[in-house]
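Architecture at a glance
One-letter residues, chain by chain:
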Amino acid sequence: PFLKAEYWRAGGDRVGARVLTEFRAGKLQADLVGLAFDVVNEIKGAGILARYGSPEREAYADMFKDAEGYFTPTNLIHAVIGYNTKLVSPREAPKDYPDLLKPSWNGSLAIDAEPSRALMGWLKAWGEEKTRKYLEGLARNGVTVTRGHTLQAQLICAGEYKLGIELYLYTAAQMQRTGCPINIVYPNPTTVASAQSWAIPVTAPHPHAAALLLDYILSAEGAELVAEH
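Below, the structure is looked at part by part. Remember, predicted model here, so these are calculated numbers, not experimental data.

A few points about the packing of helix H3 (residues 116-126) against helix H4 (residues 128-140)
Taken N-terminus to C-terminus, the directions of H3 and H4 make an angle of 130°; their axes are 7 Å apart at the nearest point. The angle between H3 and H4 falls in the class oblique. Counting all contacts with H3, which are made through Leu119, Trp122, Leu123 and Trp126, the residues of H4 involved are Glu128, Lys130, Thr131, Tyr134 and Leu135. Here the contact of H3 with H4 is built from residues that sort into six nonpolar, one polar and two charged.

Right under this line is the structure:
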């Protein structure tokens with residue numbers, strides 16, 4: 001209660017770019033940073049993050065948190081296929097990624113401008129060559145690139161597109177609960193990646209306050225707030 005928090009929020013790539021730019025300019029004033037999975041190791045490698053072994057870290061899976069104590073994620077994101085149930089019947093619905101290369105989907109597909117979570121899963125499961133051929137197949141099938149996973153899900157709910165290739169599961173589920181005609185398909189692989197990894201910069205003006213806040217975010221009470229929101 002004695003900490004006053006001010007925050008700035010943006011997409012993962014913008015947060016990472018701002019942290020890197022301000023650190024290199026000697027102007028990084030953040031006490032705590034929340035970093036996307038695809039930039040956090042780059043920022044760690046640049047020497048920007050301080051090690052902090054919060055006692056709350058023990059509750060988090062070793063496969064996601066940094067073994068050296070530089071960052072800890074609070075939540076995970078699953079990449080799934082989502083389709084509009086008013087435009088796609090259960091019989092037509094895809095069951096896996098290869099189904100989306102069929103000519104019947106031409107011009108009906110949407111993908112985000114930064115499909116990093118799905119892309120990393122494809123590379124890990126399929127390898128570079130198969131992943132490249134799959135992306136080329138999507139391009140030939142008239143896939144539309146959108147900006148923002150939430151917007152993409154909203155456009156599918158509105159019937160602008162029949163299907164999203166790599167929607168965020170939590171977004172699709174939230175919209176489903178509010179009446180959006182969207183159904184979720186768990187493809188193979190269903191990629192899971194950390195959404196937000198929290199860390200304290202070495203330049204933090206208030207490192208002890210940052211440690212207290214990070215302890216709270218990682219605690220059981222903090223985790224309940226993350227899940228609720």
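This is not the end of the story, as more comes after the structure.
With respect to H4
Between the first and last C-alpha of H4 there are 18 Å, a value that for 13 residues agrees with the 18 Å anticipated at 1.5 Å per step. Along H4, the residues that are buried comprise Thr131, Tyr134, Gly137 and Leu138. One side of H4 carries all its buried residues, which in axial view fall inside an arc of 120°. Those residues of H4 that are exposed and aimed more than 90 degrees away from the buried face are Glu128, Ala139 and Arg140. Next to the buried residues of H4 lie strand E4 (109-112), H3 and strand E6 (163-168).

Side note on the layout of surface pockets
Here the second largest pocket is characterised by a volume of approximately 350 Å³. Forming the boundary of the second largest pocket are 16 residues, of which Phe37, Phe64, Val192, Ala193 and Ser194 lie nearest the centre. Sorting the residues of the lining of the second largest pocket by element identifies helix H2 (37-45), H3 and strand E8 (192-201) as the ones contributing at least two each. Of all the elements, E8 adds the most residues to the lining of the second largest pocket, at four residues. Residues of the lining of the second largest pocket, tallied by class, amount to eight nonpolar, five polar and three charged.

Comments concerning the environment of glycine 137
Relative to the helices and strands, glycine 137 resides in helix H4. A relative accessible area of 9% places glycine 137 in the buried class. Along the chain, glycine 137 and glutamate 224 lie 87 residues apart, while their C-alpha atoms are 41 Å from each other.

Notes on a nonpolar patch on the surface
On the surface, a cluster of nonpolar side chains totalling about 550 Å² of accessible area is made up of Phe2, Leu3, Leu212, Leu213, Tyr216 and Leu225. Considering the arrangement of structural elements, one finds leucine 225 in helix H8 (residues 220-228).

As for the pattern of salt bridges
All told, the structure shown has nine salt bridges when counted by the stated rule. The salt bridge involving lysine 44 is made with aspartate 66; its shortest N-O contact spans 2.8 Å. With lysine 44 in helix H2 and aspartate 66 in the loop between strand E2 (49-50) and strand E3 (72-84), this residue pair connects regions lying 22 residues apart in the sequence. Close ionic contact of glutamate 129 with lysine 133 constitutes a salt bridge, the shortest N to O distance being 3.7 Å. Taken together, the positions of glutamate 129 and lysine 133, both in helix H4 and four residues apart, correspond to about one turn of that helix. Lysine 133 sits in the partly exposed class, given a relative accessible area of 48%.

Overview of empty space enclosed by the protein
In total, this model carries one cavity of 30 Å³ or more according to the counting rule given. Of the volumes computed, that of the largest cavity is approximately 40 Å³. Around the largest cavity, the lining residues are Ala50, Tyr52, Gly69, Tyr70, Phe71, Thr72, Trp198, Ala199, Ile200 and Leu214. The greatest single-element share of the lining of the largest cavity, amounting to three residues, is contributed by E8.

Description of the pairing of E4
Residue alternation in E4 divides its side chains into two sets, Leu109 and Ile111 and Ala110 and Asp112, and both sets are buried. Here E4 runs beside strand E5 (residues 144-146); their pairing, made up of three bridges, is parallel. Pairing of alanine 110 across the sheet is with threonine 144, part of E5.

With respect to the packing of aromatic side chains
Summed over all chains, the structure comprises seven aromatic pairs. Centre to centre, the rings of tyrosine 97 and tryptophan 126 are 5.9 Å apart; their planes meet at 90°, and the pair counts as edge-to-face. Note that tyrosine 97 is positioned in the loop between E3 and E4 and tryptophan 126 in helix H3, a separation of 29 residues in sequence. Across the pair, tryptophan 126 and tyrosine 97 agree in class, each one buried. Ring centres of tryptophan 122 and tryptophan 126 lie 5.7 Å apart, and the angle between their planes is 5°; on these two criteria the pair is classed as stacked. A residue pair is termed a helical-turn pair when its members lie 3 or 4 positions apart in one helix, as tryptophan 122 and tryptophan 126 do in helix H3 at four residues. A relative accessible area of 0% places tryptophan 122 in the buried class. Site record: aromatic cluster; members linked through ring pairs are Tyr97, Trp122, Trp126 and Tyr134.

Conventions used here
- Residues numbered from 1 in each chain as written.
- Predicted model: local features only at pLDDT ≥ 70, side-chain atom pairs only at ≥ 80, totals over all residues.
- Heavy atoms only, no water.
- Axes fitted to C-alpha atoms, helices over the stretch in contact; angles between N-to-C directions.
- Helix = DSSP H or I, 4+ residues; strand = E, 2+ residues; numbered from the N terminus.
- Parallel < 35°, antiparallel > 145°, perpendicular 65-115°, else oblique.
- Contact = heavy atoms within 4.5 Å.
- Nonpolar A, V, L, I, M, F, W, Y, C, P; charged D, E, K, R; others polar.
- Expected span 1.5 Å × (residues − 1).
- Buried < 20%, exposed > 50% of the residue type's maximum accessible area, 1.4 Å probe, protein only.
- Arc of directions from axis to C-beta.
- 1 Å grid on protein atoms, 1.4 Å probe; cavity = no way out; pocket = protein on both sides within 12 Å on 5 of 7 lines; lining within 4 Å.
- Points joined across faces, edges and corners; volume = space filled by probe spheres on them.
- Patch = residues over 30% accessible without salt bridge, like charges linked within 9 Å, V, L, I, M, F, W, Y side chains within 5 Å.
- Areas by Shrake-Rupley, 256 points an atom, 1.4 Å probe, with all protein chains shown as cover.
- Salt bridge = Lys/Arg side-chain N within 4 Å of Asp/Glu carboxyl O.
- Pairing = 2+ DSSP bridges.
- Phe/Tyr/Trp six-rings, centres within 6.5 Å; stacked < 30°, edge-to-face > 60°.

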